[in-house]
Amino acid sequence: MMAGGNDTRITLDDLFRRVAVAHPDTLALLDPPNREAITGGAPRALTYAQADSAIWAIAARLRDLGLPSDAVAALQLPNTVESVLTLLGILRAGMIAMPLPQLWRKADIVAALSASSVKMLITCARIGTQRHDGICLEAAAGLFSVRYVAAYGSVADGVVALDDIFDGRQPSVLPAAARPGDPAERSAIITWDSMPAGPIAVVRNHRQVIAGGLAVFLDGAIERGASILSTIPPTSFAGIAATLLPWLLSGGTLTLHHPFDAQTFAAQQTAKDFDTVIVPGAVADRLDHGKSRSVIALWRAPERFAAAAPGSENGRRVDILTFGEIGLAALSPGQPNSEIPCGEIGVPRSSATAIPVLETVRSRTGTLAVRGPMVPLTGLPSQSDNDGYADTGFPCRHDVQSKMLTVTGPRAAMVAIGAYRFAETQLAALASLDEQATIVALPDALTGQRLAGSVPNAAAMQEMLADRGWNPLIVHAFRPRTRRLRPSGPTSLTRY
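Reading the values: the criteria
Residues numbered from 1 in each chain as written. Predicted model: local features only at pLDDT ≥ 70, side-chain atom pairs only at ≥ 80, totals over all residues. Heavy atoms only, no water. Disulfide = S-S within 2.5 Å. Salt bridge = Lys/Arg side-chain N within 4 Å of Asp/Glu carboxyl O. Buried < 20%, exposed > 50% of the residue type's maximum accessible area, 1.4 Å probe, protein only. Helix = DSSP H or I, 4+ residues; strand = E, 2+ residues; numbered from the N terminus. Expected span 1.5 Å × (residues − 1). Polar contact = N/O pair within 3.5 Å; in protein donor to acceptor, adjacent residues only side chain to side chain. Axes fitted to C-alpha atoms, helices over the stretch in contact; angles between N-to-C directions. Parallel < 35°, antiparallel > 145°, perpendicular 65-115°, else oblique. Contact = heavy atoms within 4.5 Å. Nonpolar A, V, L, I, M, F, W, Y, C, P; charged D, E, K, R; others polar. Arc of directions from axis to C-beta.

1. A closer look at the state of the cysteines
Summed over the entire model, instances satisfying the criterion amount to zero disulfides. No disulfide involves C136; its nearest neighbouring cysteine sulfur is the one of C124, lying 8.6 Å away.

The following block contains the structure:
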């Protein structure tokens, strides 16, 4: 695989270490400039050597706490340098990282941790005005498997403090136990996909994660040593493939933006010329990308791409369609429609020696099905046609003459709000809390859909849902209204 030359045993940590050894003094990671408002503290700017030291410190702390190899460590962090360092630190410790979406609260966290036998939960004291260390402590309280809750910042009692990983001291590193087999095939990342029957854990090894990242890196024409600005947090397969991997594969500088602050984004664009900017597809045309050479537009709702009629960037932009946590495909630069090649897809698309990363087909039930190097082999929805294809659940059309596929709609029985998915059955369960409560999904130009709820006592309903740890997007659907419906609560782009 190109990422490691002829070495197919390469891991995500290997990718980082190769750059850190070759370019220790190169600037590696930069915080959002408004970090103080997000989680407190001054913005950090770390060289590869400093980032490597922090990753070692995180790995050592996890091993010092007695966590075994292949233990699952969950992390719920904002889009700051800690999110990247912690994920890599978990992997260096020989463990499995499970990033959680930022808007998950107790109900979702408990469900995920219970299903995955998580040993540790890592967060920060606060994200914005919300105390996430308290949320995670409450979620972990009733779970036997969770041994520790750790956090960055001014943490609550009972939480392991992590801020000292940045003090530069050499940690008493406990090396990961030697394990047989190919290290690239060991489980590395667990992300969560939403399906009509409920959320499913999607487990990927290093090779599968790297294959997804190659699709973005090569089709996005990201150069070696690139300066990258990303608004996509690494909390999903698409987020990791579009943010973490382009940085690791390019060996460049990654500047983070916590979604979303328009003034901060504009200031970041003014302060520096970025080679590549990575943004949600639905808002790519609404943002000023400055002097960036290329724009990576990530579409979490692939069915919206055709209706959005993008293409004004004249080849400057590469659109990435994502199919939940199952796979992703890059469209040709400047492509005016949403067609995906049917069959094997290699990257870069224009090369005669393209590396295969995905294979697509229209299933017997009319949905897009995929297999290939980036697609996990187990734990996915029903395998269509019994040929090892994973069914993404997205209906699609097949043009036999052009041999192209087009996603034509969302997953059935699901409501999509930006990057978040809710099963219709989950929303219907609100009736068990209040038989007079109703909630509907309305069209939204920015996020695809938004939720609007109705109940006689909206304030009481909000309080009850918040106390039970429901997602804020559902809680805010029942906000009291005095005039016409408008989105409120978490800012629109936070939902990506």
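Following the structure, the description resumes.
2. Some words on the pattern of salt bridges
Considering all chains together, one arrives at 21 salt bridges under this definition. R35 is the partner of D31 in a salt bridge, and the nearest nitrogen-oxygen pair spans 2.7 Å. Judged by relative accessible area, which is 6%, R35 ranks as buried. For R186, the salt bridge is made with D70, and the minimal N-O distance between the two is 2.6 Å. Of this pair, R186 sits in the loop between β9 (160-161) and β10 (187-195) while D70 is found in the loop between α3 (48-64) and β3 (72-75), placing the two residues 116 residues apart along the sequence. You can call D70 partly exposed: its relative accessible area is 29%.

3. Section: helix α7 (residues 206-219)
An ideal rise of 1.5 Å per residue puts 20 Å on 14 residues; α7 measures up with 20 Å between its terminal C-alpha atoms. With 13 of 14 residues buried, α7 lies mostly within the body of the structure. Near the N-terminus of α7, the side chain that reaches the backbone nitrogen of R207, with its oxygen 3.1 Å away, is that of N205. Downstream of α7 by a residue or two, A221 has a phi angle that is positive, lying close to 55°.

4. Some points on the packing of helix α4 (residues 81-92) against helix α8 (residues 237-250)
Close contact between α4 and α8 brings their axes to 12 Å; oriented N to C, the two are set at 80°. Taken together, α4 and α8 sit at an angle that is classed as roughly perpendicular. Here V84, L87 and L88 of α4 lie close against α8, whose contacting residues are I240, L244 and W247. Taken together, the residues that form the contact of α4 with α8 break down as six nonpolar, no polar and no charged.

5. Things to note about the side chain of D52
Checked against the element boundaries, D52 lands in helix α3. Given the relative accessible area of 18%, D52 is considered buried. Dropping the residues within four chain positions of it, D52 is found in contact with F16, A20 and R92.

6. A closer look at helix α6 (residues 132-141)
An α-helical turn contains 3.6 residues, so a residue and the one three or four places further along point in the same direction. For α6, the set of buried residues is H132, D133, I135, C136, A139 and A140. Down the axis of α6, the sector holding all buried residues measures 160°, keeping them to one side. Looking at the buried side of α6, the elements it contacts are α5 (106-116), β5 (120-124), β6 (126-127), β7 (130-131) and β8 (148-152).

Nothing here speaks to function; it is geometry throughout.
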